[in-house]
Every structure is written in structure tokens, then in C-alpha cells.
Amino acid sequence: MRPLIKVMLILLAVFSALFILGRVFGILTIDNIRLWLEWASHIDLLFLACLIIALLAVDMFITIPTLSLTLLAGYFLGFPLGALTALLGTSMAVGIGYGLSRKWGERIIRKIIKDQTQLIDLKDTFHTHGHIMISLARAAPMVPEVCACMAGATKMAFGRYSLFHLVGTVPYVLIAAYAGSISSVDDPMPAIYAVILLYSVGWIGWWVFQRHRKRIQN
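Described in the following lines is the structure provided in the data block. Fair warning: this is a prediction, and the values are worked out from it, not measured in the lab. (Residues numbered from 1 in each chain as written. Predicted model: local features only at pLDDT ≥ 70, side-chain atom pairs only at ≥ 80, totals over all residues. Heavy atoms only, no water.)

What to know about the packing of helix H3 (residues 45–58) against helix H4 (residues 66–77)
So, step 1. Taken N-terminus to C-terminus, the directions of H3 and H4 make an angle of 170 degrees; their axes are 11 Å apart at the nearest point. In this view, H3 runs roughly antiparallel relative to H4, as classed from their interaxial angle. The residues of H4 that touch H3, namely those facing Leu45, Leu48, Ala49, Ile52, Leu55 and Leu56, are Thr66, Leu69, Ala73, Phe76 and Leu77.
So, step 2. Residue composition of the contact of H3 with H4, grouped by class: ten nonpolar, one polar and no charged. (Axes fitted to C-alpha atoms, helices over the stretch in contact; angles between N-to-C directions. Helix = DSSP H or I, 4+ residues; strand = E, 2+ residues; numbered from the N terminus. Parallel < 35°, antiparallel > 145°, perpendicular 65-115°, else oblique. Contact = heavy atoms within 4.5 Å. Nonpolar A, V, L, I, M, F, W, Y, C, P; charged D, E, K, R; others polar.)

Side note on the nonpolar core
So, step 1. Within the largest apolar cluster, 29 residues are counted, with the highest numbers of intra-cluster contacts made by Ile109, Phe126, Met150 and Tyr161.
So, step 2. When contributions to this core are tallied by element, the ones reaching two or more residues are helix H1 (2–24), helix H5 (81–112), helix H6 (116–136), helix H7 (143–153) and helix H8 (158–181).
So, step 3. Sort the elements by how many residues they give to this core and H7 lands first, with eight residues.
So, step 4. With near-sequence residues (within four places) excluded, Met150 lies in contact with Leu4, Val7, Met8, Leu11, Ile109, Leu122 and Phe126.
So, step 5. Ranked by size, the runner-up nonpolar core spans 27 residues in total, among them Leu71, Leu87, Ala194 and Leu198. (Core = buried A, V, L, I, M, F, W, Y, C linked by side-chain atoms within 4.5 Å. Buried < 20%, exposed > 50% of the residue type's maximum accessible area, 1.4 Å probe, protein only.)

Considering the environment of Leu67
So, step 1. Take Leu67: it is sitting in helix H4.
So, step 2. Spatially, the C-alpha atoms of Leu67 and Ile10 are 23 Å apart, while their sequence positions differ by 57 residues.
So, step 3. When near neighbours in sequence (up to four residues on either side) are disregarded, Leu67 contacts Tyr172, Ala176, Val195, Leu198 and Tyr199.

Points about empty space enclosed by the protein
So, step 1. This structure, assessed with the given rule, holds two cavities of 30 Å³ or more.
So, step 2. Approximately 50 Å³ is the volume found for the largest cavity.
So, step 3. What lines the largest cavity is Val94, Ile134, Ala137, Arg138, Pro144, Cys147, Tyr161, His165 and Thr169.
So, step 4. Residue assignment for the lining of the largest cavity shows that the elements contributing at least two residues are H7 and H8.
So, step 5. Among the elements that line the lining of the largest cavity, the one with the most residues is H8, at three residues. (1 Å grid on protein atoms, 1.4 Å probe; cavity = no way out; pocket = protein on both sides within 12 Å on 5 of 7 lines; lining within 4 Å. Points joined across faces, edges and corners; volume = space filled by probe spheres on them.)

So, the environment of Gln116
So, step 1. The residue Gln116 is located in helix H6 in this model.
So, step 2. Overall, the relative accessible area of 43% leaves Gln116 in the partly exposed class.
So, step 3. Here Arg110 takes part through its side chain, which lies 3.3 Å from a polar atom of the side chain of Gln116. (Polar contact = N/O pair within 3.5 Å; in protein donor to acceptor, adjacent residues only side chain to side chain.)

Some points on unusual backbone geometry
So, step 1. Cis geometry is adopted by the peptide bond preceding Pro80, which originates at Phe79 and carries an omega value of 15 degrees.
So, step 2. In this fold, Pro80 is placed in the loop between H4 and H5.
So, step 3. Positive phi is not limited to glycine here, since Met142 has a value of about 75 degrees.
So, step 4. With respect to the helices and strands, the residue Met142 is situated in the loop between H6 and H7.
So, step 5. Positive phi, close to 60 degrees, is recorded for Lys155, a residue that is not glycine.
So, step 6. By the element assignment, Lys155 lies in the loop between H7 and H8.

Some thoughts on the packing of helix H2 (residues 30–41) against H4
Think of two packed helices as two axes; the pair is described by the angle between the axes and how far apart they sit.
So, step 1. The contact between H2 and H4 brings their axes to 11 Å, and the two run at 20 degrees. Judged on the interaxial angle alone, H4 and H2 are roughly parallel. In this structure, H2 crosses over H4, and the sense of that crossing is right-handed. Side by side, H2 and H4 meet where Ile30, Ile33, Arg34, Leu37, Glu38 and Ser41 of the first sit next to Ser68, Leu69, Leu72, Tyr75 and Phe76 of the second. (Left-handed = near helix turned anticlockwise from the far one by under 90°.)

Below you can see the structure in the form of C-alpha cells.
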């Protein structure tokens, strides 16, 4: 388990650094995104949806507030179109991460973990527990992208990865987009409740997973 945790923490550090750089230089902040979406909403509905999908896809390279953007998708596009748009965007992001990592990820991991036994352990551990990690990845920012990279680098079957991505992401976008669709500037409480619900369920899921894993090890 340690080699897997080591690599995932390094990936998380890289995405965190991108997030910090984005905030320092004011790239894709939620205020900027909201202004862009307001501008796009006056042009064309399809253009607005494509912009949201593109912004969510860029999240693979420049960390953006995915949950906030999904709420805004619901607010501007309504439900269920906002949910479908968010699902397409988030799926594109992790799909890109999976594809790039499947091609180059193993080479990079071999530079971090040089011991062949540990490399085998990393792959076996992710293939054993990865489905839970992928399903619960939306519980925290940047973790979905990390899991996508790990799935690609360890050569997890794309169909299997996609299934667990959808298991975790479909409820996420449905709840967030619906909450955004019934929220307003004067009444933001549905969106706030959705944020609390999604993160609470996600973290409870991680807690149950950790307890289950420790029980098996003992």
C-alpha cells in the first residue's frame, strides 16, 4: 500500500501546485468563470454548454473548482441539461488523464519507484482497491484526476475505470446541478446544502473504506 500512497501523494502535490499557481495568477477563479458564463449565456445555449464542458475538461491541467462549476452549470442551464453538461466535462477531464497516463504514466512511476517488487505491489493494490477510490474520488478536490492517472498508469481496463467513474460522478453531478438550478443570488441555500451533503457522504464513504481495509489487514 505504501508505494501506491507515495505516488498518489506526489500526484496530489503536483495538482495542488497547479491550483496554487492558478490562484496566484488569477487563472480560472470562480469569479472569472462566473463572468464568462454570464457573458456566454447571452450568446447561445449550446455555446454556454460547450464552454462549461471545456472548462471542466481543462481541470485535468489547471485545477478549477469543479463543484462550484457544476452548481453554476445547473444555475445557467437548468436541470437536467446542467447535469449532463457537467458529466460530459468531468468525464473528458479524467478521460484525458487516463489516456495520457496509460501512455506515459508507467515510465514516470518507474522513476519514482525503482524496486520491481514495489511496482508490482502498487499495481496489485490499486487494482484491488482502486474501484472504491475511483467511486469515492469526488469527496475531495483533485482526487478524481489523481485516480484517473493511477488507473491509466497501472493499465486498469478503461471500461472498468469508466464504470466506477460513473458510479461516483453521476450522483454528484445530478445533486449539484439540481441544487444549482433551484438556487439564486438571493437564495443560495440549496447549493450550500448540496455542497455539505456531497462532501459529507464522500468523507463517510472514505471512513468506511479505511475501516474495512484495516479490518482485512488485521
